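These are the residues of each chain, in order.
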Amino acid sequence: MNAVRPPALTRRPATPQDIPFLFALRQQTMNGHLVASGAEIDDAHHMARLMHRFECAEVLLQEGVPVGLLKVSRDALEWVVIQIQLVPACQGGGIGAALLAEVVDEATQAGADLTLSVLKANPARGLYERFGFVIERENGFSYEMRRKP
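These numbers were taken from a predicted model, which means no experiment stands behind them.

(A) Quick peek at the packing of aromatic side chains. The final tally for this structure, using the stated rule, is one aromatic pair. Here the basic side chain of Arg74 rests over the ring of Trp79, its NZ or CZ set 5.2 Å away from the ring centre. Geometry around Tyr143 places Arg125 over its ring, the cationic atom sitting 4.6 Å from the centre.

(B) The arrangement of the sheet that holds strand β3 (residues 65–74) in detail. In spatial order, the strands read β1-β2-β3-β4-β5-β7-β6; together these seven strands make up an open sheet with mixed pairing. Every other strand in the sheet has two partners, leaving β1 (9–13) and β6 (134–138) as the edge strands with one partner each. In this sheet, adjacent strand axes meet at a mean angle of 30 degrees when their direction is disregarded. The pairing of strand β2 (residues 57–62) with β3 spans six bridges and is classified as antiparallel. Paired with Val59 across the bridge in β3 is Leu69.

(C) Focus on helix α2 (residues 43–51). Structurally, the start of α2 carries an N-cap: the backbone nitrogen of Ala44 is 3.1 Å from a side-chain oxygen of Asp42. Remark: Arg53 follows α2 within two positions and exhibits a positive phi of approximately 55 degrees.

(D) Summary view of the pattern of salt bridges. Taken as a whole and judged by the stated rule, the model has 13 salt bridges. Across the pair Asp18 and Arg12 runs a salt bridge whose closest N-O atoms are separated by 2.8 Å. Looking at Asp18, the relative accessible area reads 7%, which means it is buried. Here Arg12 falls in the partly exposed class, since its relative accessible area comes to 28%. With a shortest N-O distance of 3.0 Å, Arg146 and Asp113 are connected by a salt bridge. Of this pair, Arg146 sits in strand β7 (residues 142–147) while Asp113 sits in strand β5 (residues 113–119), and the two are 33 residues apart along the sequence. Exposure class is identical for Arg146 and Asp113. Each is buried. Within the structure, one salt-bridge network assembled from shared partners comprises Glu78, Asp113, Glu136, Arg137, Arg146 and Lys148.

(E) Main features of the packing of helix α1 (residues 19–37) against α2. Look at α1 against α2: their axes get within 10 Å of each other, and the N-to-C directions meet at 115 degrees. Crossing hand, α1 versus α2: right-handed. Residue-level contacts link Ile19, Leu22, Phe23, Arg26, Gln27, Asn31 and Leu34 of α1 to Asp43, His45, His46, Met47, Arg49, Leu50 and Met51 of α2. Considered class by class, the residues forming the contact of α1 with α2 number seven nonpolar, four polar and three charged.

(F) Up close: the environment of Asp18. With respect to the element layout, Asp18 can be found in the loop between β1 and α1. Residues Asp18 and Gly64, 46 residues apart in the sequence, show an inter-C-alpha distance of 13 Å. Ignoring any residue separated from it by four or fewer positions in sequence, one finds Asp18 in contact with Arg12, Pro13 and Val59. In terms of polar contacts, Asp18 uses its side chain to reach the side chain of Arg12, at 2.8 Å.

The rules we used
- Residues numbered from 1 in each chain as written.
- Predicted model: local features only at pLDDT ≥ 70, side-chain atom pairs only at ≥ 80, totals over all residues.
- Heavy atoms only, no water.
- Phe/Tyr/Trp six-rings, centres within 6.5 Å; stacked < 30°, edge-to-face > 60°.
- Lys NZ or Arg CZ within 6 Å of the ring centre and 35° of its normal.
- Pairing = 2+ DSSP bridges.
- Helix = DSSP H or I, 4+ residues; strand = E, 2+ residues; numbered from the N terminus.
- Axes fitted to C-alpha atoms, helices over the stretch in contact; angles between N-to-C directions.
- Polar contact = N/O pair within 3.5 Å; in protein donor to acceptor, adjacent residues only side chain to side chain.
- Salt bridge = Lys/Arg side-chain N within 4 Å of Asp/Glu carboxyl O.
- Buried < 20%, exposed > 50% of the residue type's maximum accessible area, 1.4 Å probe, protein only.
- Left-handed = near helix turned anticlockwise from the far one by under 90°.
- Contact = heavy atoms within 4.5 Å.
- Nonpolar A, V, L, I, M, F, W, Y, C, P; charged D, E, K, R; others polar.

This is the structure in structure tokens:
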């Protein structure tokens, strides 16, 4: 894959000071998909998802301004793409695909399976399938997908 991240995009570990931005980002990017999938959109649910594996969260910056979130857990044999979220102004320009390509390359080099969960109503499923993810199972709201190295 070897995609290159756009030059102006940098990453840094998320801190507690980022929570207000990340919470608003989650609401902005996920509410439509959650409603369309029949899932919860209350604040408590959003906060629980935001705080899940927060130690793995990286804030995405463009020219120093927060524009997104990348959260990937990297355990020995299985990595999990927990969240990729971008502000709407940064969507559709290949940033998400470039980030996913980097994670796929890193997981492949590490010999780790890569998994993720995608809401049934989220069009990102097509992106994940283009990167070789396949549906392993589903629940009422989402598909669980895996990509082997």
